[in-house]
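What follows is the residue order along each chain.
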Amino acid sequence: MSQPHRIQDIRDDISIPGFTGPVHRPGEPGYDEQRRAVNPALDARPAVVAEAYGAGDLRAALLAARAHGLPFTVQATGHGTHVACDGGVLVKTAPMASVLVDPVREVARVGPGARWGEVLAAAAPFGLAPLSGSAPSVGVTGYTLGGGLGWLGRAYGFAADSVLRAEVLLADGRHVTASADGHPELFWALRGGGGGFGVVTALEFRLYPVAEVCSGFAYFPIEAAADTLAAYRRWIEDAPDEISTAVVLRRMPDDDGTPAAVRGRHVVMIKVLYAGPSAEARRLLAPLWRAAGEPLLDEIRPTTFAKSSMGGTPVRHLDLFDAVGDEVIGVLLRASEQAGTVEVRHWGGALGRTGPDTGPVGRRSTRLSVIVDTVVPGLADELRPHASGGGFLNFMADPSRTAAAYEKDDYARLREIKRAYDPDGVFHVGHVTL
């Protein structure tokens, strides 16, 4: 297996024969901009950053990295980058952002640099929607390979479950198409097993007939938090699959960009996306409103799915739960005094269903997740006795814990497939099965 190189070990004569896009080296224009991930704490120092214009460029960069014995990694937007490719070949796929929608088949085909916003815009005119996540700026491929938990997930499952085929650059430089009919083991692994099996150069997945939704946020005084969370754990028992929700304890920014009614306040926020009419959404939500009281601000409105903006919570702590009891609610209320955001989100519905062709997305039985955007001392120890254990790949920053995202048998199968398709461990930066 190749070993990471630090920046001081880098030679300045690294070439990438056959590469047609821009190549940036330390000290050259564009290098500092292109090497950045979304996480500002990650200060990557690759030997070169190469902007790929096509599958041929990706292959040229891979073969050059292997020839020089350097680490190799691919980055579309940098949202899922958790490990620096120091001294290696970092390939940016942002120029490869093609999106094609087939409205008859209800299918989208995207390049490895495509973002969800581009898919939403292409699908919306046909009344179709992808199983996208919370932010349109997130890259499609990395999100999907890691499972993909979206706001239509309770109705239609994980994004990985909707993948139909993938074109993949393998570690030996071959291009293959993985589907149910070709390279089925690789196809299974890609649908939730992460990006450690090859470089996906094109991805095809199902779209769904969802045009109008009722979505947005309602804000209540923080004093309603305990009653709201207690009501929420009862309410989710009968919630239909078409509605996705989260209860969030949040300190709102004290700035002009925040509505005056909640500016600078500590609030309970209920996030809602219902794939149906507004009147029915209000009827379903009524028990939560009775528990939470009169809202400070209610921004839940009918809109198109493409225009719904649900937002996400940066993951500094994650736990998965079968239930959230009174003791857990107490812990979360105390944590919210130190954290900016504490989010309790309902899973279930289609997310928990499996079939004969289901990929390795793990922890499907999860009922609720808790995400905290701040490292709160002692929080993990307080929640651990009540949590169901494990993690979810898209939400995990520590590659040493990759196995925790999967069921034991699935992880063993992923390791076998990794050995079959990447025996030399060429793809080893980030979440990989080893």
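Residues numbered from 1 in each chain as written. Predicted model: local features only at pLDDT ≥ 70, side-chain atom pairs only at ≥ 80, totals over all residues. Heavy atoms only, no water.

1. Let's talk about the sheet that holds strand β7 (residues 163-169)
Now for step 1: Reading across from one edge, β5-β6-β9-β7-β8 is the order of the 5 strands in this open sheet, with antiparallel pairing throughout. The open sheet is flanked by β5 (99-102) and β8 (175-179), the only strands paired with a single partner. With strand direction ignored, the average angle separating the axes of adjacent strands in the sheet is 15°.
Now for step 2: Across 4 bridges, strand β6 (residues 107-110) lies against strand β9 (residues 199-206) in antiparallel orientation. Considered in β9, the bridge of Arg109 is made with Glu204.
Now for step 3: Most of the contacts of helix α3 (residues 116-123) go to β5, to which it runs at about 35°, and overall it touches β5, β6 and β9. (Pairing = 2+ DSSP bridges. Helix = DSSP H or I, 4+ residues; strand = E, 2+ residues; numbered from the N terminus. Axes fitted to C-alpha atoms, helices over the stretch in contact; angles between N-to-C directions. Contact = heavy atoms within 4.5 Å.)

2. Things to note about the nonpolar core
Now for step 1: If you look at the biggest cluster of nonpolar residues, it comprises 59 residues, and the most contacted ones within it are Val168, Leu186, Leu190 and Phe205.
Now for step 2: Top element by residues in this core is helix α6 (residues 184-190). It accounts for 5 residues. (Core = buried A, V, L, I, M, F, W, Y, C linked by side-chain atoms within 4.5 Å. Buried < 20%, exposed > 50% of the residue type's maximum accessible area, 1.4 Å probe, protein only.)

3. Here we look at α3
Now for step 1: For α3, the set of buried residues is Trp116, Val119, Leu120 and Ala123. The buried residues of α3 occupy an angular sector of 100° when projected down its axis, which confines them to one face.
Now for step 2: Close packing links the buried residues of α3 with β5, β6, α4 (140-145) and β9. (Arc of directions from axis to C-beta.)

4. Details of the pattern of salt bridges
Now for step 1: As enumerated under the stated definition, the model contains 21 salt bridges in all.
Now for step 2: A salt bridge links Glu280 to Arg283; the nearest nitrogen and oxygen atoms lie 2.6 Å apart. One end of the pair is Glu280 and the other is Arg283, both in helix α8 (residues 278-292) and 3 residues apart, which spans about a single turn.
Now for step 3: Assessed through its relative accessible area of 25%, Glu280 is described here as partly exposed.
Now for step 4: Connected via shared salt-bridge partners are Asp102, Arg105, Arg165 and Glu204. (Salt bridge = Lys/Arg side-chain N within 4 Å of Asp/Glu carboxyl O.)

5. Things to note about the packing of helix α7 (residues 225-235) against α8
Now for step 1: Where α7 meets α8, the axes come as close as 8 Å, and the angle between the chain directions of the two elements is 155°. By the criterion of interaxial angle, the relationship of α7 to α8 is roughly antiparallel. Of the two elements, α7 crosses α8, and the hand of that crossing is right-handed. Every residue of α8 that contacts α7 at Asp227, Thr228, Ala231, Tyr232 and Trp235 is listed here: Leu284, Leu285, Pro287, Leu288, Ala291 and Ala292.
Now for step 2: When grouped by side-chain class, the residues that make up the contact of α7 with α8 number 9 nonpolar, 1 polar and 1 charged. (Parallel < 35°, antiparallel > 145°, perpendicular 65-115°, else oblique. Left-handed = near helix turned anticlockwise from the far one by under 90°. Nonpolar A, V, L, I, M, F, W, Y, C, P; charged D, E, K, R; others polar.)

6. Concerning helix α2 (residues 55-68)
Now for step 1: An ideal rise of 1.5 Å per residue puts 20 Å on 14 residues; α2 measures up with 20 Å between its terminal C-alpha atoms.
Now for step 2: When α2 is considered as a whole, its buried residues turn out to be Asp57, Leu58, Ala60, Ala61, Leu62, Ala64 and Ala65.
Now for step 3: Directly beyond the C-terminal end of α2, a positive phi value near 65° is found at Gly69. (Expected span 1.5 Å × (residues − 1).)

7. Topic: the sheet that holds strand β1 (residues 23-24)
Either a parallel or an antiparallel arrangement is found when strands of a sheet pair, and the pairing is made through backbone hydrogen bonds.
Now for step 1: Across the sheet, which stays open at both edges, the 4 strands sit in the order β1-β2-β4-β3 with mixed pairing between neighbours. The sheet terminates laterally at β1 and β3 (72-75), the two strands that pair on one side only.
Now for step 2: Judged from the 4 bridges that link them, β3 and strand β4 (residues 89-92) form a sheet pairing that is parallel. Within the sheet, the bridge partner assigned to Val74 lies in β4 and is Val91.

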